[in-house]
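Descriptive analysis of the structure
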Amino acid sequence: MKKSLKKTLLCTALVVTPIIYTYNVNQDLHKELSNLKTQNRKQQEIIKQFEREQTEMKKDLKEIEVKINESEVRLRQRFDREIEGIEEQIKRIKQMREKYKNNYMYSFEGVVTAYSPYEESTGKSPDDPDFKVTASGTIATQGRTIAMDKIFPFGTLVKIEGFDEVFRVEDRGFKIKGNSVDVYFEDVDDAIKFGKQKRKIFIIKLGKGVDKAN
């Protein structure tokens, strides 16, 4: 009887043990599969988030490209206008240079200096009501305004060696006497840089302007 029971128990153990092992393996596999599904779901969410961010980035990039293209068009139009203006100025300068090339009343060797509208040259500041206002009443303009002695009436046209422009006597200076010429510069540093030079001066045409003090 005892041998029979032992045999029965042994047989039962041999049958039950593989079943338990198989159950445990299945449980582990099920748990692993569940973990994989969870990880896959999270990865899918990350991918979707990445795709949404990519879409937003593409949208932002497209808006930036549109703005850049619009800015390029505006800048191109602005530069085209500026270039046209510069070309027109060059054309006028060339015409005036050709017109007055050998057409002048007389010439002389003179001392050419430079001044600006600021305190260093005129004693005026931008707050002064007559800032940039010349002795003749005009607004000083670079490339046009010069100061000369009273023997040269306001409006006298002058060509200075080394300059393409034809200047106009519009200003005076207590140090500007005889054959001296003071050329107007907008920037004080440019005026300082020019300094004092000897140049040939060509009187093209005498003006008719009269000093108010006379």
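As a reminder, the structure under discussion sits directly above these lines.
Here's what I pulled together on the structure shown here. Note that the coordinates shown come from a computational prediction; the quantities given were computed from them, not determined experimentally.

Here we look at the overall build of the protein chain
Looking only at helices and strands, the protein chain features three helices and six strands. N-terminal to C-terminal, the α/β element order of the protein chain is α-β-α-β-β-β-β-α-β. Across the protein chain, the fraction of contacts at a sequence separation of at least 24, relative to all contacts at a separation of at least 6, is 71%.

Considering the sheet that holds strand β6 (residues 197-205)
Strands sit in the order β1-β5-β2-β4-β3-β6 around a closed barrel of six strands; the barrel is mixed. Ignoring strand direction, the axes of neighbouring strands in this sheet form an average angle of 45°. For strand β3 (residues 157-160) and β6, the ladder comprises four bridges, and the chain directions are antiparallel. Along β6, the bridge assignment pairs L157 with K205.

Points about the environment of A191
Inspection of the secondary structure puts A191 in helix α3 (residues 188-194). Separated by 75 residues in the primary sequence, A191 and S116 place their C-alpha atoms 6.3 Å from one another. Those residues within four positions of A191 in sequence are excluded, and the remaining contacts are A114, Y115, S116 and F185.

Quick look at the pattern of salt bridges
Under the criterion given, the structure shown has four salt bridges. For the salt bridge of K124 with D130, the shortest nitrogen-to-oxygen distance reads 3.7 Å. The partly exposed category is assigned to D130, whose relative accessible area is 36%. Of the charged contacts, one joins E186 and K132 as a salt bridge, the two residues approaching to 2.9 Å between their closest N and O atoms. With E186 in the loop between β5 (181-184) and α3 and K132 in the loop between α2 (119-122) and β2 (145-148), this residue pair connects regions lying 54 residues apart in the sequence.

Details of the packing of aromatic side chains
On inspection of all chains with the given rule, the structure shows eight aromatic pairs. Arranged with centres 5.5 Å apart and planes meeting at 70°, the rings of Y115 and Y184 form a pair that is edge-to-face. Of this pair, Y115 sits in strand β1 (residues 106-115) while Y184 sits in strand β5; the two residues are 69 residues apart in sequence, bridging distant segments of the chain. An identical accessibility class is assigned to Y115 and Y184; each is buried. Between F163 and F167, the aromatic rings sit 5.3 Å apart at their centres with planes inclined by 85°, giving edge-to-face as the arrangement. Clustering of aromatic rings is evident, with ring pairs tying together F163, F167, F185 and F194.

What to know about the pairing of β2
Residues T145 and A147 of β2 are buried on one face, and the alternating residues I146 and M148, pointing to the opposite face, are buried as well. In this structure, β2 lies alongside strand β4 (residues 166-171), joined through three bridges in parallel fashion. Residue pairing across strands places T145 opposite R168, the latter belonging to β4.

Concerning the side chain of T156
Note on placement: T156 falls in the loop between β2 and β3. Under the relative-accessibility criterion, T156 is labelled buried at 0%. A polar side-chain atom of T156 sits 2.6 Å from the main-chain carbonyl oxygen of P153.

Here we look at a negative patch on the surface
Together, E119, E120, D187, D189 and D190 make up a negatively charged patch on the protein surface. Mapped onto the negative patch, the elements with two or more residues apiece are α2 and α3. Summarising the element assignment, D190 is placed in helix α3. When its relative accessible area of 37% is taken as the criterion, D190 is described as partly exposed.

Brief notes about a nonpolar patch on the surface
On the surface, L61, I64 and I68 cluster together into a nonpolar patch covering about 270 Å² of accessible area. Position of L61 among the secondary structure elements: in helix α1 (residues 2-99).

Reading the values: the criteria
Residue positions are given per chain, counting from 1 as you read along its sequence in written order. Only residues with pLDDT of at least 70 are given local features in this predicted model, and only at 80 or more are side-chain atom pairs given and counted; all residues enter the totals for whole chains, interfaces and linings. Heavy atoms throughout the structure, all of them, feed into the side-chain values; hydrogens and water do not. Helix and strand labels come from DSSP, where a helix needs a run of H or I of at least four residues and a strand needs a run of E of at least two; each type is numbered from the N terminus. Two residues qualify as a contact provided that any one of their heavy atoms is within 4.5 Å of a heavy atom in the partner residue. At least two bridges found by DSSP between two strands are what make those strands a pair. Angular values range over 0 to 180 degrees, each being the angle between N-to-C directions of two axes fitted as lines to C-alpha atoms, with helices fitted over their stretch in contact. One side-chain nitrogen of Lys or Arg within 4 Å of one carboxyl oxygen of Asp or Glu is enough to make a salt bridge. Whether a residue is buried, partly exposed or exposed follows from its accessible area with a 1.4 Å probe, protein chains only, as a fraction of its type maximum: under 20%, in between, or over 50%, in that order. For this analysis, a ring pair means two rings from Phe, Tyr or Trp (six-membered ring only for Trp) whose centres lie within 6.5 Å, classed as stacked if their planes differ by under 30 degrees, edge-to-face if by over 60, and tilted for the remaining angles. Side-chain atoms alone can form a polar contact between residues adjacent in sequence; in general such a contact is a pair of N or O atoms within 3.5 Å, and within protein one must be able to donate a hydrogen while the other accepts it. Think of a patch as exposed residues, more than 30% relative accessible area, with no salt bridge, where like charges cluster within 9 Å and nonpolar side chains (Val, Leu, Ile, Met, Phe, Trp, Tyr) cluster within 5 Å. Note that accessible areas follow from Shrake-Rupley with a 1.4 Å probe, and for residues the cover is restricted to the protein chains shown. Residues counted as positive are Lys and Arg, residues counted as negative are Asp and Glu, and His and the chain ends are not counted. By convention, charge coordinates are those of NZ in Lys, CZ in Arg, CG in Asp, or CD in Glu.

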